[in-house]
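If you want the building blocks of each chain, they are given just below.
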Amino acid sequence: MLISSAANILVSRELFKVGKETDSVALQADAWHLRTDVYTSAGVMVGLAIIWIGGLVLPGMNLDWVDPVAAIGVALLIIKAAYKLTVESARDLLDASLPEDEDAFIKKQIAAFAPSVRGYHRLRTRKSGSHRFVEFHMIVDPLMSVDESHRIADMVSCSIKEVYPDTTINVHIEPCNCDFISEGKCDCLLSRDEKESLAKKRHKCCK
């Protein structure tokens, strides 16, 4: 049991590594299958060791209850692993958004290009297997050229793909009207002073 547990630890560790690198839930499930075998063997060995040592130290004492307690502990660990894998698999099937940390990273990358990028909204993300899909509306200076806005969109996309290379990114360019849109709706990246300055310029232009 000890030898098989050691072998399963090594194999499951490699499967976890490859599963995370390829974003394969199937490989991670197989890794958990081997890891739960390790937990089962460990639970059995610990239970038997306690009963055996207890029998030597405290002769006549009934320690048979240790075995079912160890089994319950192992069962709880298996249930926890199964629940985690089920939730992760269901997210992909239901087109759920990316995890919060990945969403936060994408927002950070977009914000890093302010003030060229004045804001963004309608950010949508999802995942299918190892492939990610990201789309959002990027707000720029209304007088910016098509070439420049396209270049900035490419730079934002490349910064995201540096960390998540297998990602399809769609960016819709919109002109900045932050003085007419509430900050909560447009995710404006400009300060209040910058927005007031833009509003004054637009007001003079209208006159």
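Residues numbered from 1 in each chain as written. Predicted model: local features only at pLDDT ≥ 70, side-chain atom pairs only at ≥ 80, totals over all residues. Heavy atoms only, no water.

Enquirer: How should the overall build of the protein be read in this particular structure?
Expert: Within the protein one finds seven helices and three strands. Looking at the protein residue by residue over its 207 residues, the buried ones come to 32%. Long-range pairs, those at least 24 residues apart, make up 58% of the contacts in the protein with a sequence separation of at least 6. Within the structure as shown, the protein displays about 13,300 Å² of accessible surface, and the carbon and sulfur contribution to it stands at 61%. (Helix = DSSP H or I, 4+ residues; strand = E, 2+ residues; numbered from the N terminus. Buried < 20%, exposed > 50% of the residue type's maximum accessible area, 1.4 Å probe, protein only. Contact = heavy atoms within 4.5 Å. Areas by Shrake-Rupley, 256 points an atom, 1.4 Å probe, with all protein chains shown as cover.)

Enquirer: Teacher, can you tell me more about helix α5 (residues 146-161) here?
Expert: In an α-helix, one turn spans 3.6 residues; hence positions three or four apart end up facing the same way. Spanning 16 residues, α5 covers 22 Å between terminal C-alpha atoms, matching the ideal 22 Å at 1.5 Å per step. For α5, the full list of buried residues reads Ser149, Ile152, Ala153, Val156, Ser157, Ser159 and Ile160. Relative to the axis of α5, the buried residues are bounded by an arc of 160° and lie together on one face. Those residues of α5 hidden inside the fold are in contact with α4 (100-111), β2 (131-140) and β3 (167-175). (Expected span 1.5 Å × (residues − 1). Arc of directions from axis to C-beta.)

Enquirer: What am I meant to see in unusual backbone geometry here?
Expert: Keep in mind that most residues, glycine aside, have a negative phi and that most peptide bonds are trans. Across the junction of Ala114 and Pro115, the peptide omega takes the value 5°, indicating a cis bond. Residue position: Pro115 is located in the loop between α4 and β1 (119-128).

Enquirer: Help me understand the sheet that holds β3, please; the structure alone is not making it clear to me.
Expert: The strands making up a sheet associate through hydrogen bonds between their backbones, and the pairing can be parallel or antiparallel. Overall, mixed pairing links the three strands, which are arranged β1-β2-β3 in an open sheet. Looking along the sheet, the strands with just one partner apiece sit at the ends: β1 and β3. Each strand axis lies, on average, 10° off the axis of its neighbour in the sheet, ignoring direction. Relative to β3, β2 is paired through nine bridges, and the arrangement is parallel. The partner of Phe136 across the bridge, within β3, is Val171. (Pairing = 2+ DSSP bridges. Axes fitted to C-alpha atoms, helices over the stretch in contact; angles between N-to-C directions.)

Enquirer: Would you take a moment to explain the pattern of salt bridges for this structure?
Expert: A side chain of one charge can pair with a side chain of the opposite charge if their charged atoms are brought near each other. Under the criterion given, the structure shown has four salt bridges. The salt bridge partner of Glu102 is Arg132, with a shortest N-O separation of 2.9 Å. A residue pair is termed long-range when its members are at least 10 positions apart, and Glu102 in helix α4 and Arg132 in strand β2 qualify at 30 residues. (Salt bridge = Lys/Arg side-chain N within 4 Å of Asp/Glu carboxyl O.)

Enquirer: Is there a simple way to explain the nonpolar core in this structure?
Expert: The nonpolar side chains of a soluble globular protein tend to be buried with one another. Of all hydrophobic cores here, the largest spans 17 residues; its most connected members are Ile106, Ile110, Val117, Phe136, Met138 and Val156. Those elements that place two or more of their residues in this core are α4, β2 and α5. The contacts of Met138, once residues within four sequence positions are left out, are Val117, Gly119, Ser149, Ile152, Ala153, Val156, Val171, His172, Ile173 and Glu174. Counting residues in each nonpolar core, the second largest holds eight residues, with Phe16, Val25, Ala81 and Leu85 among its members. (Core = buried A, V, L, I, M, F, W, Y, C linked by side-chain atoms within 4.5 Å.)

Enquirer: Would you explain the side chain of Gln28 in this entry?
Expert: Examined against the element boundaries, Gln28 turns out to sit in helix α2 (residues 25-57). Excluding residues within four positions of it along the chain, Gln28 makes contact with Phe16, Gly19, Lys20, Leu85 and Glu88.

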